[in-house]
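Working through the structure, step by step
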Amino acid sequence: MTTTAPTAPTTGAGTVRRGPLRGLTWLMVRQHRATLYSVLALVVLGSAAILYLRAGMIDKLDAAGWPEKDLPASLQLGQRYTYLMMALGFLPVLLGVFVGAPLIASDQEQGTAQLVTTQSVARRRWLIAKLTLGYTLALVAGLVLSALFTWWWKPYRSVFPATWLEASVFDNTGPVLPAFCLFLTAVGITIGVLLRRVMFSMSVTLAFSVVANVVWGRFRNSFGTSHLLTYPLNGDLPARYQDVQQLDNWVGTADGTLYGWGTCAKATEAAQNACIKEKGIVNNVVEYLEYDQMNAMQWTGAGILLAATALLTVFVVWRVSRRPL
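Keep in mind it's a predicted model, so treat the numbers as computed, not measured. (Residues numbered from 1 in each chain as written. Predicted model: local features only at pLDDT ≥ 70, side-chain atom pairs only at ≥ 80, totals over all residues. Heavy atoms only, no water.)

**Thoughts on the sheet that holds strand β3 (residues 258-260)**
Threshold: Whether two strands pair comes down to DSSP finding at least two bridges between them. Secondary structure elements follow DSSP: runs of H or I no shorter than four residues count as helices, runs of E no shorter than two count as strands, and numbering proceeds from the N terminus. Axis lines are fitted through C-alpha atoms, for helices just across the contact stretch, and the angle between N-to-C directions can take any value from 0 to 180 degrees.
Taken together, 4 strands build an open sheet; the order of strands is β1-β4-β2-β3 and the sheet is antiparallel. Of all strands in the sheet, those bounded by a partner on one side alone are β1 (227-232) and β3. Between one strand axis and the next, the sheet turns by 40 degrees as a mean value, whatever way the strands run. Where strand β2 (residues 245-253) lies against β3, 3 bridges are found, and the strand directions are antiparallel. Looking at β3, one finds that W250 is bridged to G260.

**Section: the pattern of salt bridges**
What counts, and what does not: We count a salt bridge whenever a side-chain nitrogen from Lys or Arg sits within 4 Å of a carboxyl oxygen from Asp or Glu. The buried label goes to any residue with under 20% of its type's maximum accessible area, the exposed label to any with over 50%, and the partly exposed label to all in between, with areas taken from a 1.4 Å probe on protein chains only.
This structure, assessed with the given rule, holds 2 salt bridges. With a shortest N-O distance of 2.6 Å, D107 and K130 are connected by a salt bridge. Of this pair, D107 sits in helix α3 (residues 79-110) while K130 is found in helix α5 (residues 123-153), placing the two residues 23 residues apart along the sequence. A relative accessible area of 1% places D107 in the buried class. By relative accessible area, K130 is classed as buried at 0%. Between D171 and R220 there is a salt bridge, with the nearest N and O atoms lying 2.9 Å from each other. One end of the pair, D171, is in the loop between α6 (167-170) and α7 (176-195); the other, R220, is in the loop between α8 (198-219) and β1, and 49 residues separate them in sequence.

**Concerning the environment of N249**
Worth spelling out the cut-off: Working rule for contacts: check all heavy atoms of both residues, and any pair within 4.5 Å makes them a contact.
Relative to the helices and strands, N249 resides in strand β2. Here the alpha-carbon distance between N249 and G262, two residues 13 residues apart in the chain, equals 9.9 Å. Apart from residues no more than four positions distant in its own chain, N249 is found in contact with W261, V285 and V286.

**Digging into the packing of aromatic side chains**
Note the threshold: When the centres of two rings from Phe, Tyr and Trp lie within 6.5 Å, Trp using its six-membered ring, the rings pair. Their planes under 30 degrees apart give stacked, over 60 give edge-to-face, and anything left gives tilted. In this scheme, the term charge over a ring applies when either NZ of a lysine or CZ of an arginine sits within 6 Å of the ring centre and within 35 degrees of the ring normal.
Considering all chains together, one arrives at 13 aromatic pairs under this definition. On the numbers, 6.4 Å between centres and 75 degrees between planes, the contact of W164 with Y291 is edge-to-face. Taken together, the residues span a long stretch of sequence, with W164 in the loop between α5 and α6 and Y291 in the loop between β4 (281-289) and α10 (294-322) at a distance of 127 residues. Judged by relative accessible area, W164 falls into the buried class, the value being 3%. Judged by its relative accessible area of 22%, Y291 falls in the partly exposed class. Through successive ring pairs, a cluster of aromatic residues spans Y81, F149, W152 and F160. Directly above the ring of W151 sits R54, whose terminal nitrogen or CZ lies 3.7 Å from the centroid. Sitting over the face of the ring of Y291, R157 holds its NZ or CZ atom 3.6 Å from the ring centroid.

**Quick notes on the packing of α5 against α7**
Stated precisely, the cut-off is as follows: Roughly parallel means an angle under 35 degrees; roughly antiparallel, over 145; roughly perpendicular, 65 to 115; everything else is oblique. By the definition used in this description, the sense in which the near helix is turned from the far one sets the handedness, with an anticlockwise turn below a right angle giving left-handed and a clockwise turn giving right-handed. Nonpolar residues are Ala, Val, Leu, Ile, Met, Phe, Trp, Tyr, Cys and Pro. Charged residues are Asp, Glu, Lys and Arg, and all others, Gly as well, are polar.
Running from N to C, α5 and α7 point in directions that differ by 155 degrees, and their axes come no closer than 8 Å. In terms of their interaxial angle, α5 and α7 are classed as roughly antiparallel. As α5 runs across α7, the sense of the crossing is right-handed. Every residue of α7 that contacts α5 at L131, G134, Y135, A138, L139, G142, L143, L145 and S146 is listed here: L177, P178, C181, L182, T185, A186 and I189. A class-by-class count of the residues in the contact of α5 with α7 yields 12 nonpolar, 4 polar and no charged.

**Digging into the nonpolar core**
What counts, and what does not: To form a nonpolar core, buried Ala, Val, Leu, Ile, Met, Phe, Trp, Tyr and Cys residues must be joined to one another through side-chain atoms within 4.5 Å.
Counting residues in each nonpolar core, the largest one holds 71 residues, and the members touching the most others are W152, Y156 and F170. For this core, the secondary structure elements donating two or more residues are α1 (23-31), α2 (33-64), α3, α5, α6, α7, α8 and α10. No other element matches the 14 residues that α5 contributes to this core. Apart from residues no more than four positions distant in its own chain, Y156 is found in contact with R54, M57, I58, L61 and W66. Formed by 7 residues, the second largest nonpolar core is a distinct cluster that contains L229, Y241, V244 and Y288.

**What to know about the pairing of β2**
Pairing of β2 with β4 involves 8 bridges; the strand directions are antiparallel. Across the sheet, residue D248 finds its bridge partner in β4, namely E287. Here β2 folds back onto β3 in antiparallel fashion, the turn holding 4 residues, of which G256 has a positive phi close to 95 degrees.

**What about the side chain of Q298?**
Counting through the fold element by element, Q298 comes out in helix α10. You can call Q298 buried: its relative accessible area is 4%. For Q298, the residues in contact, after removing those within four places along its chain, are V169, F170, T173, G174, P175 and V176.

Written as structure tokens, this is what we have:
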């Protein structure tokens, strides 16, 4: 007697999948494979650009004899550096608009969400799989590019035209970039859940991202505690403070009264000296932040962004669990 061993079907709904991706995970990757490939390509291109520009800068510095010799005034990073900084700064916006906003809104608009969640997949399980995919893409993109740019910037920060507190450095190094990527992705997801239309959600997410970046820029300095430095009116800024980030400056009297820096900016030197004498101005006063505060400031900002991400995620889970898709 002969028997035929049963074989697993290779096509159709009964296909047996063997491998790391199965069930709902495979479905998420399959459904969003274009987005997945696009983000991975973006990370690879961004990483290659950082490595290429870093190598070119090091060659120029070695040729100039830096740091043993002073940096020549002719040494510049060029427009490619500017484009890279702009691309890194725009990364969280791209993720929010093209990953976050369509993630659930596309399924709601096309009816896929209702189809999936009325079959064998529980609604919350489907949602967690969606969120996991979106947040994983955002986190990986932010972590990889932030780590590479931080690795480039830290040893050569004195060469870069931007100071450590400017957006092109502060927001693109350390934990800030991945935190911002997660936050704007969560914003996009939340807007998509509420509006239920892909193009509308993407447009609103873009507008919100622009506003969020403006607000973030206004509050960035408040993440650290500023200090005051007082030194003689006609003296030079002490060498130890040449590297600090100045926030504001005044002129002051011996008893601590402060005046605006241009208070005694008169048309003639005689009038200026008379004003200084009349008001008793004897000091320059500078409000500043030190580079040593950067790490704590970045973690403070990242903590705020991550807390906001968590709140938005909780809201999305509640909304999808309680309201019709």
